[in-house]
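Fold and contact review
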Amino acid sequence: MTAPVQTGIGGFLSRFERLRERLPGDPRQRLAAADAFRRAGLPGAAAGRREEAWKYTSLRPVADAEFQQSVTPLTSGSAVLERLPRIDAPRIVLVDGVFDPALSTLPASVTFTRFADQPAFGTLARPNSEPLVALNTMLAEDGVSLAVSEGVDAGLLLLVSLATNGAAFHPRHAIQLAQGARLTLLELSVGDGAYLHNPVIEVHVAEHAALTHVRLQNESPDAFHLSTLYAEVAERGTYDSFALNVGARIVRTEVHARLDGEKGTTHLNGAQLLGGSQHADFTTVVQHVAPSCTSRQTVKNVLAGRAQGVFQGRIEVAREAQKTDGYQMNQALLLSPDAEIDTKPELEIFADDVKCSHGATVGELDADQLFYLRSRGIPDAEARSILVRAFLAEALDAVAHEQVRALLEQAVEGWWERQAA
Amino acid sequence: MLEIRGLSAAIDDKPILQGIDLTVPQGEVHAIMGPNGSGKSTLAYVLSGRDDYAVTGGTATFNGHDLLAMEPEERAAAGVFLAFQYPVELPGVGNASFLRTALNAQRRSRGESELDAVQFLKLARAETKRLAMPDDMLRRNVNVGFSGGEKKRNEVLQMAILRPKLAILDETDSGLDIDALKIVARGVNELRGPEFSALVITHYQRLLDHIVPDRVHVLAGGRIIRSGGPELAHELEAKGYAEMVAEAA
């Protein structure tokens, strides 16, 4: 006879109790995170509690879901292996959050260590204020740490997460670029069945270094993908990210970017393509701490069915951060009358010489454009697809790496075909 | 052959076309002239399938096809082409890829083989050259940042590439200078032949000096009030619409 699977906060906490002797890293940090998680719970899971940072997104379905308690991940022979992209570049593959050496080809110019071997929780993550970070800090078993040395251009690296049904995993990643280093990281998340992928990523970009971070979240339709990323950018450094969300049932893409040195730049761009009853929440906090930094956020949503898109963007400009240039734009294309977009921009400005703006647009497909295309002989479904891709073109065109952009376009195409089916 | 019988149409319950009878035999070019608000553009939209107009009566067939029962893309594949009075801008859609998609969609629906990118570009470049248009027209986004004249020329380029059997030109001359007007007229005249018919909708007689029609029809109050040869356009120019409408009443 099998015992009933414990779900929710209690399920995660009892898993921690069973695993804690074996978990790598500082046990005090684990315990503190467990305390924080016990206090905070999962946002939206308890009735009557509503946090501002989770105004539009409830993780109640995550609390209600059952996850397998096995520690050893399932590998090999799985259909998800076919989802590995055919891109000629080194790749680090994790299966259910655990590094898989057989599927990986390690990069020559990036120093790679496993969290399981050298556990470090970093300096930016805040388990006390972010419940998912508390959950991750409590249960992280593995993850990758990537470091690029001074002046090295490491080219393209793939970080792939393959997931299997029933898994709940909380990988802990760290990326460090030393002075003048460059890296393009393609992060791809795919899987089969219902599972929870709850990564925490910490990024440090040193002076004159540049990280291009392209994230393709194409998880299984029954999955939960809840990611939290912290980035710190030094003088004249660049953290340039683009996240494409097409998969999963509930998605949270939370990014905290801190511009710490003069003339730093960050782009937190994204596109969310949602259908059915998908829910994807794109939440960003950009902190302009040093003067003369630039931040750009353009997030485009294409929403079909009863899907709900959320954009919460906050720009904080410190008193010292004069000559800040901040821009935020959220655009939504609603393909169905039941789709919904919620937008909450926030500007908090303490400096007096800054340029900060934000905007939002919501619309449907343009009837004149649609008729124009059809009057030229292009069938209705194809015409709609052309207009959706045109809406996304500006965002995708900003991805410079050709093979990576092609992979994103393929994901957009796949999404469209699923909607049409 | 285009045959329109008793065609009536309304927008938001307001009747605009009130029983149009018109036949354009294969190989002929007919002009439709009329004052503002007479229903000229409505006729163009109804024939090409824009769905914000409600057809309230009558029929329209083209080479035996019941046009009014067809989707806009089906009409296009059957050979109907509308040159828009106000061509639509498509940001994020390249002109060449738009044209190739359109051409291949039409070819596919007719059971013809599709053109690959190289074959298409060869054809498109030849047509741009023939119409004295700059090559970069193909590289730009559809009509985005085009001047009024460039937009109209782009309509003619599309027509040249898609090779329709029935072209409906909705005030293609409006906003054109004389050089652009000549280019547009040449585009139409080069397509003329036994397989090509056109309905040239215009406010002014000027365009008809360059595209000489076989027949001219005057549309007023949603009805054709007079039909005649090319000389009718000159009569209209001399008298003005008001007098002709009064005579017909």
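Computed from a prediction, not measured in an experiment: that's the story for all the values here. (Residues numbered from 1 in each chain as written. Chains lettered and ligands numbered in written order. Predicted model: local features only at pLDDT ≥ 70, side-chain atom pairs only at ≥ 80, totals over all residues. Heavy atoms only, no water.)

**Details of the overall build of chain A**
- When helices and strands are counted, chain A shows seven helices and 21 strands.
- For 421 residues, the compact-globule estimate of 2.2 N^0.38 gives 22 Å, and the C-alpha radius of gyration of chain A, at 21 Å, lies within 12% of that figure.
- When its C-alpha atoms are laid out on the principal axes, chain A stretches across 65 × 55 × 50 Å.
- Residue burial in chain A is summarised as follows: out of 421 residues, 57% are buried.
- Nonlocal contacts in chain A, meaning residues at least 24 apart in sequence, comprise 83% of its contacts between residues at least 6 apart.
- Within the structure as shown, chain A displays about 16700 Å² of accessible surface, and the carbon and sulfur contribution to it stands at 48%.
- For chain A, the centre of its 39 positive side-chain charges and the centre of its 52 negative side-chain charges are spaced 3 Å apart. (Helix = DSSP H or I, 4+ residues; strand = E, 2+ residues; numbered from the N terminus. Rg over C-alpha atoms; globule rule 2.2 N^0.38 Å. Buried < 20%, exposed > 50% of the residue type's maximum accessible area, 1.4 Å probe, protein only. Contact = heavy atoms within 4.5 Å. Areas by Shrake-Rupley, 256 points an atom, 1.4 Å probe, with all protein chains shown as cover. Lys, Arg positive; Asp, Glu negative; His and termini not counted. Charge placed at Lys NZ, Arg CZ, Asp CG, Glu CD.)

**Side note on the packing of helix H1 (residues 8–19) of chain A against helix H2 (residues 27–40) of chain A**
Residues and elements named next belong to chain A.
- At a minimum axis distance of 11 Å, the contact between H1 and H2 shows a crossing angle of 165°. The angle between H1 and H2 places the two elements in the roughly antiparallel class. Between H1 and H2 lies a crossing of left-handed hand. In this structure, H1 contributes Ile9, Phe12, Leu13, Phe16 and Glu17 to the contact, and H2 contributes Arg30, Leu31, Ala34, Phe37 and Arg38.
- Per-class residue counts for the contact of H1 with H2 are seven nonpolar, no polar and three charged. (Axes fitted to C-alpha atoms, helices over the stretch in contact; angles between N-to-C directions. Parallel < 35°, antiparallel > 145°, perpendicular 65-115°, else oblique. Left-handed = near helix turned anticlockwise from the far one by under 90°. Nonpolar A, V, L, I, M, F, W, Y, C, P; charged D, E, K, R; others polar.)

**Here we look at helix H7 (residues 178–191) of chain B**
Residue and element names in this part refer to chain B.
- Relative to the 20 Å expected for 14 residues at 1.5 Å per residue, H7 spans 20 Å between its end C-alpha atoms, a close match to the ideal helical length.
- Of all the residues in H7, the buried ones are Ala180, Leu181, Ile183, Val184, Ala185, Gly187, Val188 and Leu191.
- Looking at the buried positions of H7, the neighbouring elements they touch are helix H6 (148–162), strand E9 (166–170) and helix H8 (206–210).
- Among the residues of H7, the N-terminal cap falls to Asp177, whose side-chain oxygen and the backbone nitrogen of Asp179 are separated by 3.2 Å. (Expected span 1.5 Å × (residues − 1). Polar contact = N/O pair within 3.5 Å; in protein donor to acceptor, adjacent residues only side chain to side chain.)

**A closer look at the side chain of Gln278(A)**
Residues and elements named next belong to chain A.
- Turning to its location among the elements, Gln278 is positioned in the loop between strand E15 (265–274) and strand E16 (279–288).
- A relative accessible area of 12% places Gln278 in the buried class.
- Within the local environment of Gln278, its side chain forms a polar contact with the backbone oxygen of Gly247, the two atoms lying 3.0 Å apart.
- Engagement of the side chain of Gln278 in a polar contact is seen with the backbone oxygen of Ala248, the distance being 2.8 Å.
- Leaving out residues up to four positions away in the same chain, Gln278 has contacts with Val246, Gly247, Ala248, Arg249, Leu273, Ala307, Gln308 and Trp415.

**Considering the packing of aromatic side chains**
- Tallied over the entire structure, the rule returns 14 aromatic pairs over all chains.
- Ring centres of Phe371(A) and Phe84(B) lie 5.8 Å apart, and the angle between their planes is 55°; on these two criteria the pair is classed as tilted. Residue Phe371(A) is located in helix H5 (residues 367–375), and its partner Phe84(B) is located in the loop between strand E6 (80–83) and strand E7 (90–94); the two belong to separate chains. Comparing Phe371(A) with Phe84(B) shows no difference in burial state: the two are buried.
- Taking the relative accessible area as the measure of exposure, Phe84(B) reaches 3% and is therefore buried.
- Connected via pairs of aromatic rings, a cluster forms that spans Phe371(A), Tyr372(A), Tyr45(B), Tyr53(B), Phe84(B) and Phe98(B).
- For Lys300(A), the ring lying beneath its charged end belongs to Phe391(A), and the centroid distance is 4.8 Å.
- Lying across the ring of Tyr45(B), Arg50(B) places its NZ or CZ 5.5 Å from the centre. (Phe/Tyr/Trp six-rings, centres within 6.5 Å; stacked < 30°, edge-to-face > 60°. Lys NZ or Arg CZ within 6 Å of the ring centre and 35° of its normal.)

**Considering the sheet that holds strand E8 (residues 182–191) of chain A**
All names here are of chain A.
- Here ten strands make up an open sheet; going across it, the order is E2-E1-E5-E8-E11-E13-E15-E17-E19-E21 and the pairing mixed. The sheet terminates laterally at strand E2 (98–99) and strand E21 (355–363), the two strands that pair on one side only.
- Where strand E19 (residues 325–334) and E21 come together, nine bridges link them in parallel fashion. Paired with Asp325 across the bridge in E21 is Lys355. (Pairing = 2+ DSSP bridges.)

**A few points about the sheet that holds strand E12 (residues 223–228) of chain B**
All names here are of chain B.
- With mixed pairing, six strands are arranged side by side in an open sheet as E6-E9-E10-E3-E11-E12. If you trace the sheet from one side to the other, it starts and ends with E6 and E12, each paired once. Across the sheet, the mean angle separating the axes of adjacent strands is 20° when strand polarity is ignored.
- By the bridge criterion, four bridges tie E6 to E9 in an arrangement that is parallel. Among the inter-strand pairings, Val80 is bridged to a residue of E9, identified as Leu166.

**Concerning the interface of chain B and chain A**
- In this assembly, 31 residues from chain B lie in contact with 18 residues from chain A.
- Summing both partners gives a buried area of about 1900 Å² for chain B against chain A, and 63% of it is carried by carbon and sulfur.
- Connecting chain B to chain A are five salt bridges.
- Salt-bridge contacts for Glu71(B) lead to Arg374(A); the nearest nitrogen and oxygen are separated by 2.6 Å.
- At the level of secondary structure, the elements contributing two or more residues to the side of chain B that touches chain A comprise helix H1 (40–48), helix H2 (72–77), E6, E7, helix H3 (95–109) and H6 of chain B.
- With six residues, the top contributor of residues to the side of chain B that touches chain A is H3(B). (Buried area = accessible area lost by both parts, 1.4 Å probe. Salt bridge = Lys/Arg side-chain N within 4 Å of Asp/Glu carboxyl O.)

**A short note on the pairing of strand E4 (residues 54–62) of chain B**
All names here are of chain B.
- Pairing geometry for strand E1 (residues 2–11) and E4, over seven bridges, is antiparallel. Following the sheet pairing, Ala9 is matched in E4 by Val55.
- Bridging between E4 and strand E5 (residues 65–66) involves two bridges; their strand directions are antiparallel. Among the inter-strand pairings, Phe62 is bridged to a residue of E5, identified as His65.
- If you look at the hairpin formed by E4 and E5, you'll find two residues sitting between the two strands, and Asn63 has a positive phi there, around 45°.

**As for unusual backbone geometry**
- Residue His208(A) is not a glycine yet carries a positive backbone phi of 60°.
- Unlike most non-glycine residues, Asp13(B) shows phi in positive territory, near 65°.
- For Asp13(B), the location among the structural elements is in the loop between E1 and strand E2 (14–24).
- Given a relative accessible area of 78%, Asp13(B) falls into the exposed group.

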